[in-house]
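Secondary and tertiary structure notes
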Amino acid sequence: MGSGKSWRRRLRLPTSLALVLSVVAAPALRAQSNGSAADVRGGAPQEAPEGVARLEAFLDDIRSLTADFKQELWSADQELLQTDTGSLSLQRPNRFRWTYRNPDEPGDPTKLVVVADGTRLWIHDVELEEVTVTPFDEVGTSPAMLLSGDRTVREEFDVVGTHELDGLDWIKLEPTGGSDFASISIAFSGTEPRRLELVDGLGQVTRIELENLVVNPRIDDDVFELDLPKGVHVIGGEGQL
């Protein structure tokens, strides 16, 4: 824990996100196949204009977002490995806060806080009393960056298919370059995102369900600041606070 690598592991439970996760202007995302899961698995590639239009509308229209989330990590053979709950706040461009809690511990205590302030990424491991600070432009592609990143990040994903499942409209994306994830699927109810499903290179699946979603709320700037207690060890920052 306490490193950029551990954050990416947790966010695959997401990145992203977790989710997780606020984009300036929608790019021309490239559609590569049509709207069924069968097509994504190997049918003839066709365009998915509805999926592209829905995603671009979401990226254009939403400037901020808050939600509670439940995140599950499943192995490639469908064994549940870990469950986390928490809350998230996003504000474009490039600011987000993911707070992870352990639902099995009394009081539902905070165990991990991930904050992006627009220039740096802060990862606070509460149990280890350790914080890792990383320049924002070194974070790379992740679900959280897809939702809260800039134009460059969004151009790193292709829309490869759409389908309907559980009463939701799903859009499947694949990164065009290097990424910890093989694919990311976003499920919409109308224009609002409700679920994320992330598949990594080992076939592990992270499922994130969003609840109590609020679109375009006013969020105070201090939400995207990390208020650290004295004595916390900082890696990549100023050493000891």
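Residue indices follow the written sequence of each chain, beginning from 1 at its first position. Per-residue local features are limited, in this predicted model, to residues with pLDDT of at least 70; the limit for side-chain atom pairs, both in listing and counting, is 80 or more; totals at the level of whole chains, interfaces and linings are taken over all residues. Only hydrogens and water are set aside when side-chain values are computed; all heavy atoms of the structure are taken into account.

Quick look at the overall build of the chain
Note the following rule: We count a stretch as a helix when DSSP gives it H or I for four or more residues in a row; a strand needs E for two or more, and each element gets its number in order from the N terminus. Per-residue accessibility, obtained with a 1.4 Å probe over protein chains only, is compared with the maximum for each type, and a residue is labelled buried under 20%, exposed over 50%, and partly exposed between these values. Surface accessibility follows the Shrake-Rupley procedure with a 1.4 Å probe radius. Residue values consider only the protein chains on display as shielding.
Assigned secondary structure in the chain consists of 5 helices and 13 strands. The buried share among the 241 residues of the chain stands at 49%. In the form shown here, the chain has an accessible surface area of approximately 11,100 Å², with 46% of it arising from carbon and sulfur atoms.

Here we look at the nonpolar core
What tends to happen in soluble globular proteins is that the nonpolar side chains get buried as a cluster. How we decide: By nonpolar core we mean a set of buried residues, namely Ala, Val, Leu, Ile, Met, Phe, Trp, Tyr and Cys, connected to one another through side-chain atoms within 4.5 Å.
Formed by 32 residues in total, the largest nonpolar core has its most connected members in Leu55, Leu88, Phe96 and Trp98. If you look at the next biggest cluster of nonpolar residues, it comprises 9 residues, including Trp122, Val131, Leu228 and Val232.

A look at the packing of aromatic side chains
Formally: Any pair of Phe, Tyr and Trp rings, taking the six-membered ring for Trp, is counted once the centres come within 6.5 Å. Such a pair is stacked with planes under 30 degrees apart, edge-to-face with planes over 60 apart, and tilted for the rest.
This model, assessed by the stated rule, comprises 3 aromatic pairs. Taking the centre distance of 5.1 Å and the plane angle of 70° together, the rings of Phe69 and Tyr100 count as edge-to-face. Of this pair, Phe69 sits in strand S2 (residues 64-74) while Tyr100 sits in strand S4 (residues 95-101), and the two are 31 residues apart along the sequence. What makes Tyr100 buried here is its relative accessible area of 0%. Between Trp98 and Tyr100 the ring centres are 6.4 Å apart and the planes differ by 15°, which places this aromatic pair in the stacked class. Judged by its relative accessible area of 0%, Trp98 is buried.

Thoughts on the pairing of strand S11 (residues 192-200)
Going by this rule: Any two strands with at least two DSSP-identified bridges between them are counted as paired.
Here strand S10 (residues 181-189) pairs with S11 via 8 bridges, running antiparallel. When the bridges of S11 are listed, Phe188 appears paired with Pro193. Between S10 and S11, which pair antiparallel in sequence order, lie 2 residues; one of them, Gly190, sits at a positive phi of approximately 65°. The turn linking S11 back onto strand S12 (residues 205-215) is made up of 4 residues, and Gly203 within it adopts a positive phi angle of 85°.

Some remarks on the environment of Gly161
Looking at where Gly161 falls in the secondary structure, it is placed in strand S8 (residues 157-165). When its relative accessible area of 1% is taken as the criterion, Gly161 is described as buried. Sequence spacing of Gly161 and Gly51 is 110 residues, and the spatial spacing of their C-alpha atoms is 7.3 Å.

A closer look at the confidence of the model for the chain
This is how the line gets drawn: A residue's pLDDT is the confidence the predictor assigns to it, expressed on a 0 to 100 scale. Contacts between residues were defined by any pair of non-hydrogen atoms, one from each residue, lying within 4.5 Å.
Of all residues in the chain, 69% have pLDDT values of 70 or greater, and the mean over the chain is 74. By mean pLDDT, the top-scoring element of the chain is S12 (93), and the lowest-scoring one is helix H2 (residues 37-42) (37). The model gives residues 1-47 a pLDDT under 50, and that stretch makes 174 contacts with residues more than four places away or in other chains.

Section: the pattern of salt bridges
For side chains of opposite charge, pairing can occur when their charged atoms come near one another. This is how the line gets drawn: Between Lys or Arg on one side and Asp or Glu on the other, a salt bridge is scored when a side-chain nitrogen of the former is within 4 Å of a carboxyl oxygen of the latter.
Evaluated as defined, the whole model comprises 8 salt bridges. Two residues, Arg195 and Asp166, come together in a salt bridge whose shortest N-O distance is 3.2 Å. Highlighted residues: Arg195 in strand S11 and Asp166 in the loop between S8 and strand S9 (168-175), separated in sequence by 29 residues. Salt-bridge contacts for Asp220 lead to Arg218; the nearest nitrogen and oxygen are separated by 2.6 Å. On the accessibility criterion, Asp220 (40% relative accessible area) is partly exposed. Residue Arg218 is classed as exposed on the basis of its relative accessible area of 74%.

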